[in-house]
Amino acid sequence: MTEQQRVNIGKQHPANYKALLALSATVEESAAEAGLDPLLVELLKIRASQINGCAFCLRMHTRDALKKGENPDRIAVLPAWEEADYFSATDRAALRLTEAITCVPDGHVSDADYEAAATVLSADQVSAVAWLATLMNAFNRVAITSRYRVGG
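All figures in this text were calculated on a predicted structure; none of them were measured in a lab. (Residues numbered from 1 in each chain as written. Predicted model: local features only at pLDDT ≥ 70, side-chain atom pairs only at ≥ 80, totals over all residues. Heavy atoms only, no water.)

A. Highlighting the nonpolar core. In terms of nonpolar packing, the biggest core is built from 36 residues, with Leu36, Leu44, Phe87, Leu121, Val129 and Leu132 touching the most fellow members. At the level of elements, helix 2 (14–33), helix 3 (38–52), helix 4 (55–67), helix 6 (89–102) and helix 8 (123–146) are the ones that each hand at least two residues to this core. Of all the elements, helix 8 adds the most residues to this core, at 10 residues. (Core = buried A, V, L, I, M, F, W, Y, C linked by side-chain atoms within 4.5 Å. Buried < 20%, exposed > 50% of the residue type's maximum accessible area, 1.4 Å probe, protein only. Helix = DSSP H or I, 4+ residues; strand = E, 2+ residues; numbered from the N terminus.)

In structure tokens, the structure reads:
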């Protein structure tokens, strides 16, 4: 299937996309209310997008993270966060849970992954991270399905 044959599902059903954007605003508010660092929120969006291979969202959220002051080294080593000393216990818990939610087909969210997050994060933070991961996975699927263009 060529790109010209792809339907941009956000434009085809704009009310659905508008609802997704409204959910995005609510999820962002919940993350802030739960005390999640805005830089961590961007890293979670980037990590989900890396796993899903969504170039459009990767570009967008990498730029957003840099504008907010994120350290480029943290972005560079994000796929190997477990091996890097750049990440706090909160960062690690949120990244682990985001990866588990994004990789649900690989075995669901295991008790070990959930408990590792719940040991460090408050209930509000666990919920906020879960909603962020759920939302990013939805946006990734919209962009990937519609083949949003990135670059030349």
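B. Representation of the environment of leucine 135 within the structure. Along the chain, leucine 135 falls in helix 8. What makes leucine 135 buried here is its relative accessible area of 3%. Sequence-distant contacts of leucine 135, defined by excluding residues within four places in its chain, comprise Leu20, Leu23, Ser24 and Val27. (Contact = heavy atoms within 4.5 Å.)

C. Broad picture of the side chain of asparagine 137. Within the fold, asparagine 137 resides in helix 8. Look at asparagine 137 and you get buried, because its relative accessible area is 9%. Among the polar contacts listed, one links the side chain of asparagine 137 to the side chain of asparagine 52, at a separation of 2.8 Å. In this structure, asparagine 137 is in contact with Asn52 and Thr102, ignoring residues within four places of it in sequence. (Polar contact = N/O pair within 3.5 Å; in protein donor to acceptor, adjacent residues only side chain to side chain.)

D. Just the state of the cysteines, in detail. Across all of its chains, the model carries 0 disulfides by this definition. You can see cysteine 57 has no disulfide; the closest cysteine sulfur is in cysteine 54, sitting 3.5 Å from it. For cysteine 103, which is in no disulfide, the shortest distance to another cysteine sulfur is to cysteine 54 and amounts to 15 Å. Take cysteine 103: its relative accessible area is 22%, and that puts it in the partly exposed class. (Disulfide = S-S within 2.5 Å.)

E. Expanded view of the environment of isoleucine 144. Structurally, isoleucine 144 can be placed in helix 8. Judged by its relative accessible area of 35%, isoleucine 144 falls in the partly exposed class. Residues isoleucine 144 and alanine 117, 27 residues apart in the sequence, show an inter-C-alpha distance of 29 Å. Among residues more than four places away in sequence, those in contact with isoleucine 144 are Arg6, Asn52, Gly53 and Cys54.

F. Representation of a nonpolar patch on the surface within the structure. Residues Val104, Val109 and Tyr114 make up a contiguous nonpolar surface patch of roughly 220 Å² in combined accessible area. Relative to the assigned elements, valine 109 resides in the loop between helix 6 and helix 7 (111–120). (Patch = residues over 30% accessible without salt bridge, like charges linked within 9 Å, V, L, I, M, F, W, Y side chains within 5 Å. Areas by Shrake-Rupley, 256 points an atom, 1.4 Å probe, with all protein chains shown as cover. Salt bridge = Lys/Arg side-chain N within 4 Å of Asp/Glu carboxyl O.)

G. A look at the pattern of salt bridges. Counting across every chain of the model gives 7 salt bridges. A salt bridge links glutamate 42 to lysine 68; its shortest N-O distance comes to 2.9 Å. Of this pair, glutamate 42 sits in helix 3 while lysine 68 sits in the loop between helix 4 and helix 5 (72–76), and the two are 26 residues apart along the sequence. Given the relative accessible area of 2%, glutamate 42 is considered buried. Look at lysine 68 and you get partly exposed, because its relative accessible area is 45%. A salt bridge links arginine 96 to aspartate 113, with the shortest nitrogen-to-oxygen separation between them at 2.6 Å. In this pair, arginine 96 is assigned in helix 6 and aspartate 113 in helix 7, connecting sequence segments 17 residues apart. A relative accessible area of 19% means that aspartate 113 is categorised as buried. Residues participating in the shared-partner salt-bridge network are Glu28, Glu42, Lys45 and Lys68.

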